[in-house]
Amino acid sequence: MGTISHAISPKLSLPHQNTVRSYAFSRSNHRFQTLMPSKVSRKVRVFAELRKQSTSSIDFSDPDWKTKFQRDFEQRFRLPHITDIFEDAVPIPSTFCLKMRTPLNGDFPGNYPSDEEWHGYINNNDRVLLKTIYYSSPTSAGAECIDPGCNWVEQWAHRAGPREKIYFKPEEVKAAIVTCGGLCPGLNDVIRQIVITLEIYGVKRIVGIPFGYRGFSDTELTEVLLSRKVVQNIHLSGGSLLGVSRGGPSVSEIVDNLEARGINMLFVLGGNGTHAGANAIHDECQKRRLKVAVVGVPKTIDNDILLMDKTFGFDTAVEEAQRAINSAYIEAHSAYHGIGIVKLMGRSSGFIAMHASLASGQVDICLIPEVPFNIHGPHGVLNHLQYLLDKKGSAVVCTAEGAGQNLVQKTNATDASGNIVLGDIGVRLQQETKKYFKEIGIHADVKYIDPTYMIRACRANASDGILCTVLGQNAVHGAFAGFSGITVGIINTHYAYLPIPQVISHPRLVDPNSRMWHRCLTSTGQPDFI
């Protein structure tokens, strides 16, 4: 992916615990840039810093600053459209009409159901409110304020759904689906719904690109023909029908391949890096004046995509994490001075660890990347574990994989997507715990569980199944509506379209001053480990 994701230039640097990870996509690669500040203060919040940088150009002394901010916001969140390049593109009546249930066939070209009156379409002016809470003070827990006075400023995203007019004739469409990055529960569900919805519109040519972006360049990999018959039951198992991989060819090679194959709709399932690649493909298509709709569906088990309530696979991950935490609890509770340590996914964000700890009610210590901690010392994790063994006789620790990276040996290695290979905080905690209790002469039975790949390979649960279904449907609606360079997500329980650059500038993080993190601390009863 190093050659794919070079088109997005972030405007924000990301202060993050003891490491600053920036989703910066340079001309040569998009490896995370790292900075090591000499000292981290828990009072310095990454969120305050991000807001400060994003609003630094606003003159709050100007009485019209709110109007100017909203005007700028509207421009930034405007959805790229086919008509930006093809100004004379003529829309046609939508072939998606649930009132007419007769399947479209080969006789429909030029004879679209324009006289069908159905009130199931979304108006292009419909919007979804991004922020729903009016914070009376910047000091309120979880407050997200634009200005120092915490004034209310409306921010809207475009509502997702089928439009009455479409910009592609179904008989001329060749749609392709590609899944990139790592596995995630729900991939097959999204693939299935994209295919089913495309067929309802009347698309006959649907293909899958095998093994991520790699499938565009590897001559040994051939596209997979997809139809409702092929995908009917794929949601009953985990993984991806199309396979996944990291890395891939250059943007230019991919667009060349799209042209050669006659693909004019591309649906990309992946995380931040994959979306950066999708946006670069969209830009290249526009540069070449190709009528191609590129639509993303955010896939990250870590739930770290900006602005969205959650991403698919997250609910399943939290649910499956309960099994690991429960096993750790049973092991710890059944042993004399038992300690169970569970490492969950979460490179930059601790959402899985936080929610799993809250849901289980069995976790005594939850460690996440956003909150620094010490292992040793009078306020360290080990000292608290000693206290727990004395008071309870056992303890359960849940840590995100990206937590405490300042405490483990750096690898200086990157994967094919340019992600830094993290040090193993789980193993470090296990080793230091055994060593500590041995040195002070207290027996401790330490068990370590890493369920990462078991969780990733799971079939989506009911909640994620519904989310995947709606995301897949809305991705197709967005492509037929003529949008490109967009992604679809759920915002305040409503589905919306967002321009890709607005959701990939940096990962979404757990706010250490949020009510949810405070609830987690209340549940675990853990102290401040600094």
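The coordinates are above.
Quick summary incoming for the structure in this document. (Residues numbered from 1 in each chain as written. Predicted model: local features only at pLDDT ≥ 70, side-chain atom pairs only at ≥ 80, totals over all residues. Heavy atoms only, no water.)

1. So, the nonpolar core
Most often, soluble globular proteins have nonpolar side chains that are buried together.
Here is step 1 of the chain: I177, L198, M265, F267, F312 and F480 are the most contacted members of the largest nonpolar core, which totals 74 residues.
Here is step 2 of the chain: In this structure, F69, I146, V207 and A278 belong to the second largest nonpolar core, which totals 40 residues. (Core = buried A, V, L, I, M, F, W, Y, C linked by side-chain atoms within 4.5 Å. Buried < 20%, exposed > 50% of the residue type's maximum accessible area, 1.4 Å probe, protein only.)

2. Topic: the sheet that holds strand β9 (residues 293-298)
Here is step 1 of the chain: Taken in spatial order, the nine strands make up an open sheet running β2-β3-β15-β14-β9-β8-β5-β6-β7, and their pairing is mixed. Each edge of the open sheet carries a strand with a single partner, namely β2 (127-129) and β7 (224-225).
Here is step 2 of the chain: Set on the sheet, helix α6 (residues 272-287) makes contact with β8 (265-270), β9 and β14 (486-491); between it and β8 the angle comes to about 160°.
Here is step 3 of the chain: Docked against the sheet, helix α12 (residues 462-480) engages β8, β9, β14 and β15 (494-499), running at close to 50° with respect to β15. (Pairing = 2+ DSSP bridges. Helix = DSSP H or I, 4+ residues; strand = E, 2+ residues; numbered from the N terminus. Contact = heavy atoms within 4.5 Å. Axes fitted to C-alpha atoms, helices over the stretch in contact; angles between N-to-C directions.)

3. A word on the packing of helix α9 (residues 381-391) against helix α10 (residues 425-439)
Here is step 1 of the chain: Put simply, α9 and α10 touch, their axes get as near as 11 Å, and they point 65° apart. Handedness of the crossing formed by α9 with α10: right-handed. Residues L382, N383, L385, Q386 and L389 of α9 pack against E432, T433, Y436 and F437 of α10.
Here is step 2 of the chain: Along the lines of polarity and charge, the residues of the contact of α9 with α10 split into five nonpolar, three polar and one charged. (Left-handed = near helix turned anticlockwise from the far one by under 90°. Nonpolar A, V, L, I, M, F, W, Y, C, P; charged D, E, K, R; others polar.)

4. Digging into empty space enclosed by the protein
The probe, sized like a water molecule, is rolled over the atoms to show the empty space still left.
Here is step 1 of the chain: The final tally for this structure, using the stated rule, is four cavities of 30 Å³ or more.
Here is step 2 of the chain: Lining the largest cavity are K131, I133, Y134, Y135, E144, C145, I146, C150, N151, W152, V153 and Q155.
Here is step 3 of the chain: Roughly 60 Å³ of internal volume is contained in the second largest cavity.
Here is step 4 of the chain: What lines the second largest cavity is H81, I82, I85, F86, H282, C285, Q286, L290, V292 and S484. (1 Å grid on protein atoms, 1.4 Å probe; cavity = no way out; pocket = protein on both sides within 12 Å on 5 of 7 lines; lining within 4 Å. Points joined across faces, edges and corners; volume = space filled by probe spheres on them.)

Everything listed here is a matter of coordinates, which is why it stays silent on function.
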